[in-house]
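Structural overview
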Amino acid sequence: MTVTADDFPAPAHTIEGYARVVGIEGAVAWLEPEQTASCGGCAAAASCGSPGLGSLAGRIKARRFPLDNRDALIVGERVVVGVTERALLKAALTAFALPMLAAFTAGGLAQWADGSNPVTMGAMIAGLFAGFLASRRMAHRLAARGELAPRFLRRAQQDETCR
Amino acid sequence: MKETVMMMIGAALVNNVILARFLGLCSFMGVTTRIDTAAGMGLATTFVITVSSMADWAVQRYLLEAYGLGFLRTVTFILVIASAVQFTEMVIRKVSPSLFQMLGIYLPLITTNCAVLGVALLLAENHMSFIAATLFAFASAAGYSLVMVIFAGLRERLALASVPRLFAGPPIAFIVAGLLAMAFMGFSGISTV
């Protein structure tokens, strides 16, 4: 399912990013987040140790995403896409907090019941994977509501950057 | 129980990873321009620090200590951390491609975050039980996230304030970071762990 700007009310706070149209399949445009000099083109890019990791072509390709092409985008075009602040927080909580909560619950119970290191470790690992399954369900629910999809904001101006 | 709580408070507030141990400063300055990105990065780092500490504890106890390979600790931990980040990335990609699209940007940053290695090395020196080590790592990471969010909030307000041109940008951010570190010194004395 793809989601466009029309499906959302205009949010007060949107995190913007740049993407390039890399393919058109019928009514769907495929976009790749722009390859930046650093992880996300942050203010500390010059002194950051991870530009090499952040700019790997494979990593960028893996983050390719679809968008309904109601704005007649063409291949090679640069666009500004955005997600709401709340969506980012929800995504982070779903992906990271839920598995951690499950792991600590399982580990706490194992420690209370048995108290040995190997059993606690096993329980925490099992809890972690159970948490991942729970976060998978939650993510599907969020995705179905269109809360995780970036939306098209505007065409990027020539030489427009995030800095 | 009381010792565990004090240990966690000590790790999060008194010996804060960023403001007392000065680890993870790259992301502290780089990802704190907005509260939401700081919170996202904080949660991702908390997850990776906790998971990699669990793995590091097992490697330290059952491999390095057992076979007298303590001199390989740093290089082994780096390998474990990189693997933990890759594992996290792989799992999130499988669990939900939508989440991966949104959060994948944070994960490569964490690989080179020295706070992760710093916490793992601290754990190795302290000889804790598995659950205590994991809670210590979690509390350290929670302290890291807390400072990231506080600092991001301050920087968002600074962006709206009229700052003299000479201090605008990074200079005022460094001054605020210094003031925040001094404020956190107020927690010293609560716990010494």
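None of the values given here were measured: they were computed from a predicted structure. (Residues numbered from 1 in each chain as written. Chains lettered and ligands numbered in written order. Predicted model: local features only at pLDDT ≥ 70, side-chain atom pairs only at ≥ 80, totals over all residues. Heavy atoms only, no water.)

Before going further, it helps to spend a moment on the overall build of chain B. Counting secondary structure elements, chain B contains nine helices and zero strands. Secondary structure of chain B in N-to-C order comes out as α-α-α-α-α-α-α-α-α. Expressed as a percentage of its 193 residues, the buried residues of chain B come to 55%. Contacts in chain B between residues at least 24 apart in sequence constitute 79% of all its contacts with a sequence separation of at least 6. (Helix = DSSP H or I, 4+ residues; strand = E, 2+ residues; numbered from the N terminus. Buried < 20%, exposed > 50% of the residue type's maximum accessible area, 1.4 Å probe, protein only. Contact = heavy atoms within 4.5 Å.)

When two helices pack together, their arrangement is captured by the angle between the axes and the distance separating the axes. Residue and element names in this part refer to chain B. Running from N to C, helix 4 (residues 73-95) and helix 7 (residues 114-126) point in directions that differ by 130 degrees, and their axes come no closer than 10 Å. What the angle tells us is that helix 4 and helix 7 run oblique. For the crossing formed where helix 4 meets helix 7, the hand is right-handed. Together, R73, T74, F77, I78 and I81 of helix 4 and V116, L117, A120, L121, A124 and E125 of helix 7 make up the contact between the two elements. Residues of the contact of helix 4 with helix 7, tallied by class, amount to eight nonpolar, one polar and two charged. (Axes fitted to C-alpha atoms, helices over the stretch in contact; angles between N-to-C directions. Parallel < 35°, antiparallel > 145°, perpendicular 65-115°, else oblique. Left-handed = near helix turned anticlockwise from the far one by under 90°. Nonpolar A, V, L, I, M, F, W, Y, C, P; charged D, E, K, R; others polar.)

Detail in the predicted coordinates should be disregarded across regions flagged by low pLDDT. For chain B, the mean per-residue pLDDT works out to 85, and 94% of the residues sit at or above 70. The least confident element of chain B is helix 6 (residues 106-111) of chain B, whose mean pLDDT is 68; the most confident is helix 8 (residues 130-160) of chain B, at 91. (pLDDT = per-residue confidence, 0-100.)

Glancing now at the packing of helix 3 (residues 85-113) of chain A against helix 3 (residues 35-64) of chain B. Two elements in contact, helix 3 of chain A and helix 3 of chain B, have axes whose closest approach is 9 Å; the angle formed by their N-to-C orientations is 20 degrees. The angle between the axes of helix 3 of chain A and helix 3 of chain B places the two elements in the roughly parallel class. Note on packing geometry: the crossing formed by helix 3 of chain A with helix 3 of chain B is left-handed. For the pair helix 3 of chain A and helix 3 of chain B, the contacting residues are E85, L88, L89, A92, L93, F96, A97, P99, M100 and F104 of chain A in the first and D36, T37, A39, G40, L43, A44, T46, F47 and T50 of chain B in the second.

The subject of this paragraph is the pairing of strand 4 (residues 78-84) of chain A. Residue and element names in this part refer to chain A. Burial analysis of strand 4 places six of its seven residues in the buried class, the great majority of the element. Alignment of strand 1 (residues 14-25) against strand 4, held across seven bridges, turns out to be antiparallel. By the bridge assignment, Y18 is partnered in strand 4 with V80. Alignment of strand 4 against strand 5 (residues 151-155), held across four bridges, turns out to be antiparallel. Among the inter-strand pairings, G82 is bridged to a residue of strand 5, identified as R151. (Pairing = 2+ DSSP bridges.)

For the rest of this paragraph, the subject is the sheet that holds strand 3 (residues 65-68) of chain A. All names here are of chain A. Overall, antiparallel pairing links the five strands, which are arranged 3-2-1-4-5 in an open sheet. For this open sheet the edge positions go to strand 3 and strand 5, each flanked by a neighbour on one side alone. Taken over all neighbouring pairs, the strand axes of this sheet differ in orientation by 45 degrees on average, direction set aside. Helix 3 contacts strand 1 and strand 4 of the sheet and is inclined by roughly 65 degrees relative to strand 4.

What follows deals with a nonpolar patch on the surface. Residue and element names in this part refer to chain B. Nonpolar side chains collect at one region of the surface, where L166, F167, I175, L179, M182 and M185 lie side by side and expose about 660 Å² of accessible area between them. Mapped onto the secondary structure, F167 falls in the loop between helix 8 and helix 9 (170-184). Residue classification places F167 among the partly exposed positions, given a relative accessible area of 36%. (Patch = residues over 30% accessible without salt bridge, like charges linked within 9 Å, V, L, I, M, F, W, Y side chains within 5 Å. Areas by Shrake-Rupley, 256 points an atom, 1.4 Å probe, with all protein chains shown as cover. Salt bridge = Lys/Arg side-chain N within 4 Å of Asp/Glu carboxyl O.)

A few words on the environment of P33 of chain A. Looking at the secondary structure, you find P33 of chain A in strand 2 (residues 28-33). For the pair P33 of chain A and V79 of chain A, spaced 46 residues apart in sequence, the C-alpha separation works out to 9.6 Å.

Here we come to unusual backbone geometry. Residues and elements named next belong to chain B. The phi dihedral of F22 is positive, around 55 degrees, even though this residue is not glycine. Positionally, F22 belongs in the loop between helix 1 (2-14) and helix 2 (25-30). According to the relative accessible area criterion, F22 is exposed, its value standing at 56%. Notably, H127 is not glycine yet its phi reads approximately 50 degrees, a positive angle. Within the secondary structure, H127 is located in the loop between helix 7 and helix 8. You can call H127 exposed: its relative accessible area is 57%.

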